[in-house]
Amino acid sequence: MAQAQGSLTPLERNAFQTELDYRKTDLFVLRNEQVEVAITNYGARIVSLLVNDREGKKTDVITGFSSIQEYLEADEDYQGAIVGRYANRIAKGRFSLDGTAYVLATNNAPNHLHGGLKGFSNVVWEVLESTDTKLSLFYLAADGEEGYPGALNVTVTYTLQDQSLLISFEATTDKATVVNLTNHSYFNLNGQGSGPILGHTLQVAADRYTPTDSTSIPTGELAPVAGTPFDFREPKKIGAAIETAHEQLTFGGGYDHNFVLADSCRPDLTLAAVATGDRTGIRLEVLTTEPGIQLYSGNFLKGKHTIKYGLKDEHRYAFCLETQHFPDSPNQPAFPSTVLQPGDTYRTSTVFRFTLA
Ligand code: GAL
């Protein structure tokens, strides 16, 4: 039953308590005075994130579902999930490493997307540590799982600090492999399901982006954003230029592109993007150590699903800012490397910080 926007019915924990592949799923709530975030270990997904708007009204800014069952039925959107082993696309599901060719599922024909058929978003993660402000989850991806080489031990830790949610990843492997991990939350800073995100203001700290072919695989070029609809160096509405007749926007059905933040991973968290809800004044700052960020304007959302509070995931009712290495890096030697060697540790982190405009 549809409910008035803003009536935040609490999530029912037992709707998240089930068993999949002999592993228990649950819902974990991290909270402090500024932020309350609910996470399930099914896909290590953020289910909801509550912050106050400028009138002091609690607002849920992340799209999600009210039960595990609904995630199982609607998994193609990667709502709130950790995606891997390789977030984003790998051309034709093929890459070579140290002279061996690997074949992956082409689950987003003709390409491989977000780790394959189940990836990391449709598996149950083991709970390593759970406190009021911290949740640490672990997944062991077997050697050969989804076609990737190497057994990969992955830990994602969500930590609440003041008005920030820190997401940190660590991974190790027993064979050379490729790794690219991100959190795939869909934001609507006016409240999830409350309307299109086109009136949100966005700023992205990138003067280049990676244009793609018609199947969203980068051409290899790092193109300047200057003079294009991809110029978010100054704050601008997401909708300001989204309908411009520009080949890249046609290919993506809107924004679905990687912005170049840096030439390689950075040791420190650096401001990558700032988005502001025009109706609530809720401002999201994304800081990351990653060299890239994918702006996805919710082009494939079609109102097919009922999300929390009885609302719908209509076209462009949410956007993603996925911190990452560049798409198709395993086939693009000029891009920052995504290869992880045995003995090395993959470490990246991203912060979602909430303030008021
Ligand atoms: C995004 C990707 C989009 C689409 C979406 C899931 O990360 O860039 O092309 O696949 O995930 O629907």
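All values reported here derive from a predicted model rather than from experimental measurement.

**Let's talk about the site of the ligand**
Then step 1. In the vicinity of the ligand, 13 residues are found, and the nearest of them are Arg-89, His-114, His-184, Asp-256 and Glu-322.
Then step 2. Contact between the ligand and Asp-256: an oxygen atom at 2.4 Å from a side-chain N or O atom of the residue.
Then step 3. Within the side chain of Glu-322, a nitrogen or oxygen atom sits 2.7 Å from an oxygen atom of the ligand.
Then step 4. Protein contact buries 96% of the 310 Å² of open area that the ligand shows by itself.
Then step 5. When atoms are counted within 2 Å of each cavity's grid points, the one that captures over half of the ligand is the largest pocket.
Then step 6. The residue makeup of the shell around the ligand, split by class, is five nonpolar, three polar and five charged.

**Details of the layout of surface pockets**
Then step 1. The volume enclosed by the largest pocket comes to roughly 510 Å³.
Then step 2. In this structure, the largest pocket is lined by 34 residues; those nearest its centre are Glu-76, Tyr-78, Asn-108, Leu-113 and Phe-300.
Then step 3. For the lining of the largest pocket, a count of residues per class yields nine nonpolar, 15 polar and ten charged.

**Things to note about the sheet that holds strand β23 (residues 270–276)**
Then step 1. Here nine strands make up an open sheet; going across it, the order is β12-β13-β14-β15-β28-β24-β23-β18-β21 and the pairing antiparallel. One side of each edge strand has no neighbouring strand; the edge strands of this open sheet are β12 (126–130) and β21 (236–237).
Then step 2. Strand direction decides the pairing type here: β12 and strand β13 (residues 134–141), joined by four bridges, are antiparallel. The partner of Glu-129 across the bridge, within β13, is Ser-136.

Criteria and cut-off values
- Residues numbered from 1 in each chain as written.
- Predicted model: local features only at pLDDT ≥ 70, side-chain atom pairs only at ≥ 80, totals over all residues.
- Heavy atoms only, no water.
- Near = heavy atom within 4 Å.
- Polar contact = N/O pair within 3.5 Å; in protein donor to acceptor, adjacent residues only side chain to side chain.
- Areas by Shrake-Rupley, 256 points an atom, 1.4 Å probe, with all protein chains shown as cover.
- 1 Å grid on protein atoms, 1.4 Å probe; cavity = no way out; pocket = protein on both sides within 12 Å on 5 of 7 lines; lining within 4 Å.
- Sits in = over half its atoms within 2 Å of the grid points.
- Nonpolar A, V, L, I, M, F, W, Y, C, P; charged D, E, K, R; others polar.
- Points joined across faces, edges and corners; volume = space filled by probe spheres on them.
- Pairing = 2+ DSSP bridges.
- Helix = DSSP H or I, 4+ residues; strand = E, 2+ residues; numbered from the N terminus.

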